[in-house]
Amino acid sequence: MAPTPDGELEDQILGKIATLFEQTLSRPPPSSIVDLWKEHSAIRRILDEVSSLQARVSDTDKRLSDSVRDAEVIKKFMAWADGVGVARNNVTIGDTKTNGLSLQATGTIPNGHIVARVPRHAMMTLDLAKKSSLLKKAFERDPIVSGMDNVGLALFLAVHWLQNEKSKWHSYISILPNSFPTPLFYTEEQLLQLKPSPIFEEALTFYRTIARQFCYFLLAVAKNKIYESAQRRKDARNTMDVPIFYNAPFTVYNFTPRLYFWSVGTVTTRVNMVPSENGSGDDGKAIMIPALIPLLDMANHESVVTDPVDDLVCYAPADECAVITSHCDLEAGKEVTIFYGCRSKGEHLIHNGFIPINHQKQDFFKLKIGIPKSDKTLEAKKKLIEKYVQNVYCTGNIFHVDLYNYPEQPFPLDLLMFAAIFVCPEATDAAITKPEIRKKGLEFLKTRFSLLKRSYEASFDALKLTQVGIDGDAARLKAGESEILQMALTYCEKLEKQNI
């Protein structure tokens with residue numbers, strides 16, 4: 001029998017969360033990648049400690065760990081889907097050797113054939129989340145819940161996970177994975193495999209964001225008990241607003257880091273966009289909202305070789321349903337796949353949890369260049385960059401630009417102007433156009449690309465480029481970025497010869 005919740009245990013949990021939020025997560029992230037990594041390790045440790053304390057009372061994490069996607073779960077889901085009006089044409093859910101569950105043909109499916117239709121009422125949408133009595137107050141009064149659509153949908157999913165068999169979507173939720181191969185769920189050792197890629201920092205920052213949201217929401221959940229206590233005192237009965245999660249099933253014990261991270265991971269990897277039922281925007285077009293679409297979200301990614309078609313999943317307003325269409329002729333037993341969209345390798349990894357072995361051509365490297373805060377000309381240089389450089393954007397003293405895997409021109413030419421401004425000792429219009437300054441700027445870029453390229457040497461094993469899983473994903477990510485840096489370096493050498 002689980003121990004009875006007590007005030008001391010709750011105080012320990014909330015004390016750790018409040019300290020983590022106030023002293024770390026409510027502040028800007030460290031600018032140094034070394035410090036960001038140290039902070040990440042500390043955040044993990046505290047969240048693990050909180051999870052251990054919650055596990056003394058709650059079975060949330062155990063239920064998540066013990067969940068399986070076996071034949072019986074699939075059978076119940078298919079029966080539920082049929083019962084709520086999901087129409088299937090020669091398609092079912094089956095297991096794969098390497099990619100978990102997938103949509104699979106049960107008979108011949110011709111190219112362009114609609115293989116499934118999912119009615120709106122079967123989906124978990126942001127519209128339903130906003131109308132839910134369990135989260136209505138949160139959407140009405142909390143800026144994070146109301147302002148971040150995916151967060152609102154993730155909370156809606158967490159609410160229904162906790163409702164277990166009482167939820168309308170219990171059979172759908174039961175067939176979802178209990179973890180995801182995105183960096184949000186990596187171990188520390190796995191995260192380190194991403195270095196020196198910029199995706200390493202992006203993964204740490206994303207983890208930090210989700211950890212901050214969790215702490216913020218758990219502290220909001222804790223207000224339920226304070227409110228109830230106030231209601232028992234006549235002198236304080238009307239002095240406190242009803243907490244935003246008062247009607248939700250969340251408690252300090254069952255709302256665990258793993259539950260929230262799992263909910264976010266589910267939405268991040270499976271979300272589709274559908275038109276809202278609540279009107280249109282100022283331009284007259286339908287407002288698109290996030291949705292989880294049962295059955296359709298079992299379709300795995302297709303790394304098409306020819307020009308991709310990204311509307312294989314679409315919404316049919318006249319029929320109020322989402323449909324999935326086959327992109328080729330299929331025989332029984334073959335997977336029904338869709339194209340997830342034109343994404344870079346890093347975007348695939350962060351949002352989908354894998355990098356296709358046959359990745360499409362579009363890829364980019366996120367280059368960051370910082371002007372020291374101690375540079376007395378920083379503000380003047382920022383004004384010049386804003387005036388002359390369109391393709392570089394600024395956050396503080398850090399400047400960002402994307403390099404692409406286009407050998408003909410891997411970066412925008414105004415990066416040359418940025419480099420001239422960067423190296424120029426005088427931040428004036430006249431000084432940055434001098435030939436010697438332009439030449440010095442080009443040399444700066446060459447040196448930067450060369451150093452970055454060198455940092456990738458021996459950082460991945462080429463023999464793993466065709467492997468499925470984290471090792472292969474990390475190798476493909478870094479191989480692609482190394483190639484882009486080489487393109488940028490070669491392009492600089494070409495411009496140097498042309499005296500540009």
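Above this note sits the structure.
Description of the structure in this document. (Residues numbered from 1 in each chain as written. Predicted model: local features only at pLDDT ≥ 70, side-chain atom pairs only at ≥ 80, totals over all residues. Heavy atoms only, no water.)

### Quick notes on the packing of helix 13 (residues 345-352) against helix 17 (residues 470-497)
Each packed pair of helices is defined by two parameters, the angle between the axes and the distance between the axes. So the rule is basically this: Comment: axis = line fitted to C-alpha atoms, over the contacting stretch for helices; angle = value between 0 and 180 degrees taken between N-to-C directions. Counting from the N terminus, the helices are the DSSP runs of H or I reaching at least four residues and the strands are the DSSP runs of E reaching at least two. Here roughly perpendicular refers to angles of 65 to 115 degrees, roughly parallel to angles under 35, roughly antiparallel to angles over 145, and oblique to all remaining angles. We call two residues in contact when some of their heavy atoms are within 4.5 Å. Under the grouping applied here, Gly and all other residues not named as nonpolar or charged are polar, the nonpolar ones being Ala, Val, Leu, Ile, Met, Phe, Trp, Tyr, Cys and Pro and the charged ones Asp, Glu, Lys and Arg.
One can describe the packing of helix 13 onto helix 17 by two numbers: an axis separation of 9 Å at closest approach and a directional angle of 150°. What the angle tells us is that helix 13 and helix 17 run roughly antiparallel. In this structure, helix 13 contributes Lys345, Gly346 and Leu349 to the contact, and helix 17 contributes Asp473, Arg476, Leu477 and Gly480. Here the residues of the contact of helix 13 with helix 17 sort into two nonpolar, two polar and three charged.

### Side note on unusual backbone geometry
Between Lys195 and Pro196 the backbone carries a cis peptide bond, its omega angle lying at 5°. You can see Pro196 is positioned in the loop between helix 10 (188-192) and helix 11 (198-231). The backbone of Glu320 sits at a positive phi, close to 55°, despite the residue not being glycine. One can find Glu320 in the loop between strand 8 (313-316) and strand 9 (321-325).

### A few points about the sheet that holds strand 8
Short version of the rule: Two strands are counted as paired when DSSP detects at least two bridges linking them.
An order of 1-4-9-8 is seen for the four strands of this open sheet, with the pairing classed as antiparallel. On the outer flanks of this sheet lie strand 1 (87-88) and strand 8, each paired with one strand and no other. Where strand 1 meets strand 4 (residues 114-119), two bridges bridge the pair, whose relative direction is antiparallel. Directly across from Arg88, in strand 4, lies its bridge partner Ala116.

### A look at the side chain of His160
The condition is simple: Side-chain atoms alone can form a polar contact between residues adjacent in sequence; in general such a contact is a pair of N or O atoms within 3.5 Å, and within protein one must be able to donate a hydrogen while the other accepts it.
Checked against the element boundaries, His160 lands in helix 8 (residues 149-163). Polar contacts involving the side chain of His160 include one to the side chain of Ser167, which spans 2.8 Å. When near neighbours in sequence (up to four residues on either side) are disregarded, His160 contacts Met124, Ser167, Lys168, Trp169 and Ile173.

### Looking at the sheet that holds strand 12 (residues 398-404)
Taken together, three strands build an open sheet; the order of strands is 10-12-11 and the sheet is antiparallel. Edge strands, defined here as strands with exactly one partner in the open sheet, are strand 10 (364-370) and strand 11 (393-395). Pairwise comparison of adjacent strand axes, ignoring direction, gives a mean angle of 30° for this sheet. Bridge count for strand 10 against strand 12 is seven bridges, and the pairing is antiparallel. If you follow Ile369 over to strand 12, its bridge partner there is Phe399. In this fold helix 16 (residues 435-455) packs onto strand 10 and strand 12, with an angle of close to 120° to the strand it touches most, strand 10.

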